[in-house]
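Secondary and tertiary structure notes
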Amino acid sequence: MDRPVIFLEEGMDNMGRLFDAIVAARLHYGIWYVYKNEVDRPKYVDVMNGYYWFFAPSISAHFVAMLMALSTIYDDGPVNVSISKLLQAMKGTGKVDGIRLKEIEERLKKTDSIVKKIMILRNNVFAHLSVKIDPFEAFKKADITMNNFRDLIYETAAILNQMGQASGYGTRDLVESSELDTRDMLGVLEKIRVEAQAASS
């Protein structure tokens, strides 16, 4: 399928790159969610503690990967691809319906409050190590919840799909199977742990 030229730069499919980022964010969120949410964690905490030096960094790694994937979509740095820059490119063509563009712009503005929370963590803890604020204070300042991440992931995907439809680029579905695979893996490890305990008793 030929992609609209407004999304091509230096031969790169920039809309596709943003879609890749939101799909990655959703996958990492799913794994992190199973590790941390109040329903799943009690079921698997013993097995995670049994493989502590795998799961401790794994929990951190999937959180950081999720956060960084989201932040790349919204980072408007001068040499970066971002969702707002692609929206401006769509406006510049004069070929996309103005009412649809306005709807997308207003929807994008509503993500600002959560994006600011993510950028506090990105800019002070993960992409950079701030000399002005320590990680504990950065997390306190960001005051971000698991549901904030979930909501931003789904809203960002919806906005990208709306842009894809309006421009003729097309849409992309999120991959939502990482929770299931994570639970399956933890279930297998828990079964092994219980069987090993029974055999040694």
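Heads up: the structure comes first, above all this text.
None of the values given here were measured: they were computed from a predicted structure. (Residues numbered from 1 in each chain as written. Predicted model: local features only at pLDDT ≥ 70, side-chain atom pairs only at ≥ 80, totals over all residues. Heavy atoms only, no water.)

1. A word on unusual backbone geometry
Even without being glycine, Asp143 reaches a positive phi, approximately 50°. In this structure, Asp143 sits in the loop between α7 (135-142) and α8 (146-167). (Helix = DSSP H or I, 4+ residues; strand = E, 2+ residues; numbered from the N terminus.)

2. Some points on the nonpolar core
Membership of the largest hydrophobic core comes to 56 residues, with the highest contact counts inside it found for Ile22, Leu70, Ile83, Phe149 and Met163. For this core, the element with the highest residue contribution is helix α1 (residues 14-36), accounting for twelve residues. Ignoring sequence-local partners within four residues, the contact set of Ile83 consists of Leu18, Ile73, Tyr74, Leu108, Thr156, Ile159, Leu160 and Met163. (Core = buried A, V, L, I, M, F, W, Y, C linked by side-chain atoms within 4.5 Å. Buried < 20%, exposed > 50% of the residue type's maximum accessible area, 1.4 Å probe, protein only. Contact = heavy atoms within 4.5 Å.)

3. Some details on the pattern of salt bridges
By the definition in use, this model includes ten salt bridges. Its salt-bridge partner being Arg26, residue Glu179 comes within 3.0 Å of it at the nearest N-O pair. Separated by 153 residues along the polypeptide, Glu179 in helix α9 (residues 178-200) and Arg26 in helix α1 bring together distant segments of the chain. Within the structure, one salt-bridge network assembled from shared partners comprises Arg26, Glu176 and Glu179. (Salt bridge = Lys/Arg side-chain N within 4 Å of Asp/Glu carboxyl O.)

4. Overview of the environment of Phe19
On the secondary structure map, Phe19 appears in helix α1. What makes Phe19 buried here is its relative accessible area of 1%. Apart from residues lying up to four places away in sequence, Phe19 is in contact with Leu160, Asn161, Tyr169, Gly170, Thr171 and Arg172.

5. Regarding a nonpolar patch on the surface
Together, Tyr51, Phe54, Met185, Val188 and Ile192 make up a nonpolar patch on the protein surface, roughly 450 Å² of accessible area in all. With three residues, the top contributor of residues to the nonpolar patch is α9. When its relative accessible area of 39% is taken as the criterion, Tyr51 is described as partly exposed. (Patch = residues over 30% accessible without salt bridge, like charges linked within 9 Å, V, L, I, M, F, W, Y side chains within 5 Å. Areas by Shrake-Rupley, 256 points an atom, 1.4 Å probe, with all protein chains shown as cover.)

6. Quick notes on the packing of aromatic side chains
In total, this model carries twelve aromatic pairs according to the counting rule given. Ring geometry for Phe63 versus Phe149: centroids 5.5 Å apart, planes at 80°, classification edge-to-face. Pair noted here: Phe63 is in helix α3 (residues 52-74) and Phe149 is in helix α8, with a separation of 86 residues, a long-range link. The buried category is assigned to Phe63, whose relative accessible area is 10%. On the accessibility criterion, Phe149 (1% relative accessible area) is buried. Here the aromatic residues Tyr29, Trp32, Tyr33, Phe63, Phe126, Phe139 and Phe149 are joined through ring pairs into a cluster of three or more. (Phe/Tyr/Trp six-rings, centres within 6.5 Å; stacked < 30°, edge-to-face > 60°.)

7. As for the environment of Asp143
Residue Asp143 is classed as exposed on the basis of its relative accessible area of 53%. Sequence separation between Asp143 and Lys36 is 107 residues, and the spatial gap between their C-alpha atoms is 17 Å. Among all residues touching Asp143, those that are not within four sequence positions of it are Lys117 and Asn148.

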